[in-house]
2 protein chains.
Amino acid sequence: MKLYGYWRSSAAYRVRIALALKSLPYQTQAVHLAHAGQHHPDYAALNPQQLVPLFIDDDGSRISQSLAIIEYLDETRPAIPLLPADAKGRAQVRALALSIACDIHPLNNLRVLDYLRAELGADDAAKNAWIAHWISLGLAALESRLIQDHPASRFCHGEQPGLADCCLIPQLYNARRFGVDLAPYPQLLAIDAACAALPAFAQAHPQQQDDAG
Amino acid sequence: MKLYGYWRSSAAYRVRIALALKSLPYQTQAVHLAHAGQHHPDYAALNPQQLVPLFIDDDGSRISQSLAIIEYLDETRPAIPLLPADAKGRAQVRALALSIACDIHPLNNLRVLDYLRAELGADDAAKNAWIAHWISLGLAALESRLIQDHPASRFCHGEQPGLADCCLIPQLYNARRFGVDLAPYPQLLAIDAACAALPAFAQAHPQQQDDAG
């Protein structure tokens, strides 16, 4: 198994957490987003979307999109499941994960921030306000949803970490990186602390990666 | 079953296609995005994210996020499957769906366009250039991916429509609405034509909905 990623990419970080929770060994290949490595012809041939992560299985299968990779890992390596056993639980966990992966993270991607600056003339203050707006809106909804559905749960869904936690922790890392105030989200911070106590989350952290700058 | 949606919402449109492909009867409840219906306290209590769609199952279960709803429908009503039977196929279909649901659609949502105008002073030309940029970038990658993986396939993955088609068709509708040139994507247009020939896709079309404006 091989993972093409980048230390600070939220989407790659999600997959690293999933692999670590399942104790799966894998090779890493850094794609330097800050130096446009994702647009290199060799990488574009592997992944036409020119985004990270990209996962290569032992048989050579190429899978892109972090949530598709994690679902695939969960189906092909089912020990230590990352999704609940029941359809309703799976739906709740997927909805939490997608509310981050669709409605928060893509808006604050490097390529979007570059466009805001280059094409819409956004200065640093406008760029940071944009980032804080979408992260705060998304995290507030997530906090409400978790309090409504799982008020006493240690992780996003129950007592074991799973797909939603794989998405939440990188998003909180990202929020801190951009100075977004997390004090209004005590439930998210409690889950963050529960995850931080586990070796899998520590091992997957951006600063622990070989390509960390 | 009940679906809270909006005729022109891409995400609600995806779920309508899935329900129609499975021939499942359901009630509809329009949430008027153009009149901020998604922020009404009654709806916000049901869905803290204040987005459509929201699906209510017969037992009262509430499920948000279009892809989570479609996966749930596929697990609980497995006749006429929308995902392939093998893990590798499922991963490919999910990756195609997510490349639309994460990396194209959220950037062109109403709330994002409103922010561009109100906070970043984007005029109509700048807004339309933004929309065209993200849609074209995403569709070009999708076209390459489909030609690479499924050159002779009638739908996104094989000879039956599924989850990826549920995402592609609303995205093409959206692209046309904003005047994006689709000529560079013959493979996507061929899939679009194959889908348009099926009653389920016709029935789910925005113009066929009671709340169409």
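Residues numbered from 1 in each chain as written. Chains lettered and ligands numbered in written order. Predicted model: local features only at pLDDT ≥ 70, side-chain atom pairs only at ≥ 80, totals over all residues. Heavy atoms only, no water.

(A) Expanded view of unusual backbone geometry. For the bond running from V52 of chain A to P53 of chain A, omega is 5 degrees, close enough to zero to count as cis. Along the chain, the position of P53 of chain A falls in the loop between α2 (41-46) and β3 (54-56). Of note in this structure, S23 of chain B is not a glycine but carries a positive phi near 55 degrees. For S23 of chain B, a relative accessible area of 59% puts it in the exposed group. In this structure, Q50 of chain B is a non-glycine residue whose phi angle is positive, near 55 degrees. Since its relative accessible area comes to 25%, Q50 of chain B is described here as partly exposed. (Helix = DSSP H or I, 4+ residues; strand = E, 2+ residues; numbered from the N terminus. Buried < 20%, exposed > 50% of the residue type's maximum accessible area, 1.4 Å probe, protein only.)

(B) Quick peek at the side chain of Q38 of chain A. All names here are of chain A. Topologically, Q38 is positioned in the loop between β2 (27-30) and α2. Among the residues examined, Q38 registers a relative accessible area of 10% and is labelled buried. Excluding residues that lie within four positions of it along the chain, Q38 makes contacts with V31, H32, L33, Y43, A44 and Q50. (Contact = heavy atoms within 4.5 Å.)

(C) Region of the structure containing the packing of helix α1 (residues 10-21) of chain B against helix α3 (residues 66-76) of chain B. Residues and elements named next belong to chain B. Relative orientation of the contacting elements α1 and α3 amounts to 10 degrees, with a least axis distance of 9 Å. With respect to α3, the axis of α1 lies roughly parallel. Across the interface between the two elements, A11, R14, V15, A18 and L19 of α1 pack against S66, I69, I70 and L73 of α3. (Axes fitted to C-alpha atoms, helices over the stretch in contact; angles between N-to-C directions. Parallel < 35°, antiparallel > 145°, perpendicular 65-115°, else oblique.)

(D) The arrangement of the sheet that holds β3 of chain A in detail. Residue and element names in this part refer to chain A. Reading across the sheet, the four strands line up as β2-β1-β3-β4 and stay open at both edges, with mixed pairing between neighbours. Edge positions in the open sheet fall to β2 and β4 (62-64), since each of these has one partner strand only. Adjacent strand axes in the sheet meet at a mean angle of 20 degrees when their direction is disregarded. When β3 meets β4, the two strands line up antiparallel, connected through three bridges. Opposite L54, over in β4, you have S64 as the bridge partner. (Pairing = 2+ DSSP bridges.)

(E) Geometry of the environment of K22 of chain A. Residue and element names in this part refer to chain A. Looking at the element boundaries, K22 is found in the loop between α1 (10-21) and β2. Residues K22 and A204 lie 182 residues apart in sequence; the distance between their C-alpha atoms is 12 Å. Excluding its chain neighbours within four sequence positions, the residues that come into contact with K22 are L73, D74, R77, P78, A79, I80, P81 and L82. Polar contacts involving the side chain of K22 include one to the main-chain carbonyl oxygen of R77, which spans 2.6 Å. (Polar contact = N/O pair within 3.5 Å; in protein donor to acceptor, adjacent residues only side chain to side chain.)

(F) A look at the environment of G121 of chain B. Here G121 of chain B lies in the loop between α5 (110-120) and α6 (124-149). Spatially, the C-alpha atom of G121 of chain B lies 44 Å from that of Q160 of chain B, the residues being 39 residues apart in sequence.

(G) Main features of the nonpolar core. The biggest cluster of nonpolar side chains holds 150 residues, and the ones touching the most others in it are W130 of chain A together with W130 of chain B. Residue contacts for W130 of chain A: discarding those within four places in its chain leaves L107, N108, V112, L113 and L116 of chain A together with V112, Y115, L116, L120 and W130 of chain B. (Core = buried A, V, L, I, M, F, W, Y, C linked by side-chain atoms within 4.5 Å.)

(H) Just the domain arrangement of chain A, in detail. All names here are of chain A. For chain A, the assigned domains are domain 1 (2-80) and domain 2 (87-201). Contact with domain 1, which involves 15 residues of that partner, is made by 19 residues of domain 2. The junction of domain 1 with domain 2 conceals about 1,600 Å² of combined surface from both sides, 68% of it contributed by carbon and sulfur atoms. Taken together, the connections running from domain 1 to domain 2 amount to one salt bridge. Taken together, the elements giving at least two residues each to the side of domain 1 that touches domain 2 come down to α1 and α3 (66-76). By residue number, the principal contributor to the side of domain 1 that touches domain 2 is α1, which donates eight residues. (Domains from an automatic or database assignment. Buried area = accessible area lost by both parts, 1.4 Å probe. Salt bridge = Lys/Arg side-chain N within 4 Å of Asp/Glu carboxyl O.)

(I) Seen up close, the relation of the copies chain B and chain A. Of the two same-sequence chains, chain B is brought onto chain A (RMSD 0.0 Å, axial shift 0.0 Å) by a rotation of 180 degrees. Taken together, these values place the two copies in the relation of a two-fold axis. The rotation axis passes nearest to the C-alpha of C102 of chain B in chain B, at a distance of 2.2 Å. Most of the interface of chain B is mirrored in chain A, where 100% of its interface residues again form contacts. (Least-squares fit on C-alpha atoms with pLDDT ≥ 70 in both.)

(J) Region of the structure containing the pattern of salt bridges. Tallying each qualifying case throughout the model produces 22 salt bridges over all chains. A salt bridge links D58 of chain A to R77 of chain A; the nearest nitrogen and oxygen atoms lie 4.0 Å apart. Remark: R77 of chain A occurs in the loop between α3 and α4 (87-101) and D58 of chain A occurs in the loop between β3 and β4; sequence separation between them is 19 residues. With a shortest N-O distance of 3.7 Å, D149 of chain A and R145 of chain A are connected by a salt bridge. Taken together, the positions of D149 of chain A and R145 of chain A, both in helix α6 (residues 124-149) and four residues apart, correspond to about one turn of that helix. Residue classification places R145 of chain A among the buried positions, given a relative accessible area of 10%. Taken together, the salt bridges that share partners define one network made up of E71, E75, R90 and R94 of chain A together with E71, E75, R90 and R94 of chain B.

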